[in-house]
Amino acid sequence: MYTTIQKWGNSQGIRLPKQLLEALDLRESDRVEIDRQQDAIIIRKAGMRHRTLEERLAGFKGPYEFSEWDTGAPVGNEVL
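Here the structure is a predicted model, which means the values were calculated and not measured.

Caption draft 1: Fine view of the pairing of strand 3 (residues 32-37). Of the pairings in the sheet, the one linking strand 3 to strand 4 (residues 40-45) comprises six bridges and is antiparallel in character. Paired with I34 across the two strands is I43, which belongs to strand 4. Hairpin connection from strand 3 to strand 4: two residues lie between these consecutive antiparallel strands, with Q38 at a positive phi of about 55°.

This is the structure we're talking about:
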């Protein structure tokens, strides 16, 4: 199976044939993971979906302890 890399806005894209997507159970808007292995591009369905803030906070146990974070001295035109 062959396809061509084409311009897509300011990027490039590859169209994947419908038969290939159906065989892999991939649909429009599915999250995928893209990896490079030597001279190959590996595309696989993402195993974990993005969790909402509510889902992340539901698993939080214990008190929240905060501390100041020193980002260092100004290096540009930051307002002091």
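Let us keep going from here.
Caption draft 2: The arrangement of the environment of W8 in detail. Relative to the assigned elements, W8 resides in strand 1 (residues 6-8). By relative accessible area, W8 is classed as exposed at 60%. Distance from W8 to A46, taken between C-alpha atoms, is 23 Å for residues 38 residues apart in sequence.

Caption draft 3: Spotlight on the environment of E65. Mapped onto the fold, E65 is located in the segment after helix 2 (53-58). For E65, a relative accessible area of 68% corresponds to the exposed category. Sequence spacing of E65 and E78 is 13 residues, and the spatial spacing of their C-alpha atoms is 28 Å.

Caption draft 4: The pattern of salt bridges, seen in detail. For the coordinates displayed, the defined rule picks out five salt bridges. For the salt bridge of K45 with D30, the shortest nitrogen-to-oxygen distance reads 3.7 Å. Of the two residues, K45 is situated in strand 4 and D30 in the loop between helix 1 (18-23) and strand 3; the sequence distance between them amounts to 15 residues. The partner of E33 in a salt bridge is R44, and the shortest N-O contact between them spans 3.8 Å. You can see E33 sitting in strand 3 and its partner R44 sitting in strand 4, a full 11 residues away along the chain. With a relative accessible area of 34%, R44 lands in the partly exposed category.

Caption draft 5: Summary view of unusual backbone geometry. Residues other than glycine seldom take positive phi values, yet D25 does so here, at roughly 55°. Tracing the backbone through its elements, the reader meets D25 in the loop between helix 1 and strand 3. Owing to a relative accessible area of 40%, D25 belongs among the partly exposed residues under this scheme. With a phi close to 55°, Q38 is a non-glycine residue in the positive phi region. Within the fold, Q38 resides in the loop between strand 3 and strand 4. Q38 sits in the exposed class, given a relative accessible area of 73%.

Reading the values: the criteria
As a convention, each chain's residues are numbered from 1 in the sequence order in which they are written. The model is predicted, so local features are restricted to residues of pLDDT at least 70 and side-chain atom pairs to those at 80 or more, both for listing and for counting; the totals for chains, interfaces and linings are taken over all residues. Side-chain descriptors were evaluated using all non-hydrogen atoms of the structure, hydrogens and water having been removed beforehand. At least two bridges found by DSSP between two strands is the condition for calling them paired. Numbering of helices and strands runs from the N terminus, with a helix taken as a DSSP run of H or I at least four residues long and a strand as a DSSP run of E at least two residues long. Burial classes follow relative accessibility: with a 1.4 Å probe on protein chains only, a residue under 20% of its type's maximum area counts as buried, one over 50% as exposed, and anything between as partly exposed. Every case where a carboxyl oxygen of Asp or Glu lies within 4 Å of a side-chain nitrogen of Lys or Arg is listed as a salt bridge.

By themselves, these are just geometric observations and shouldn't be taken as functional.
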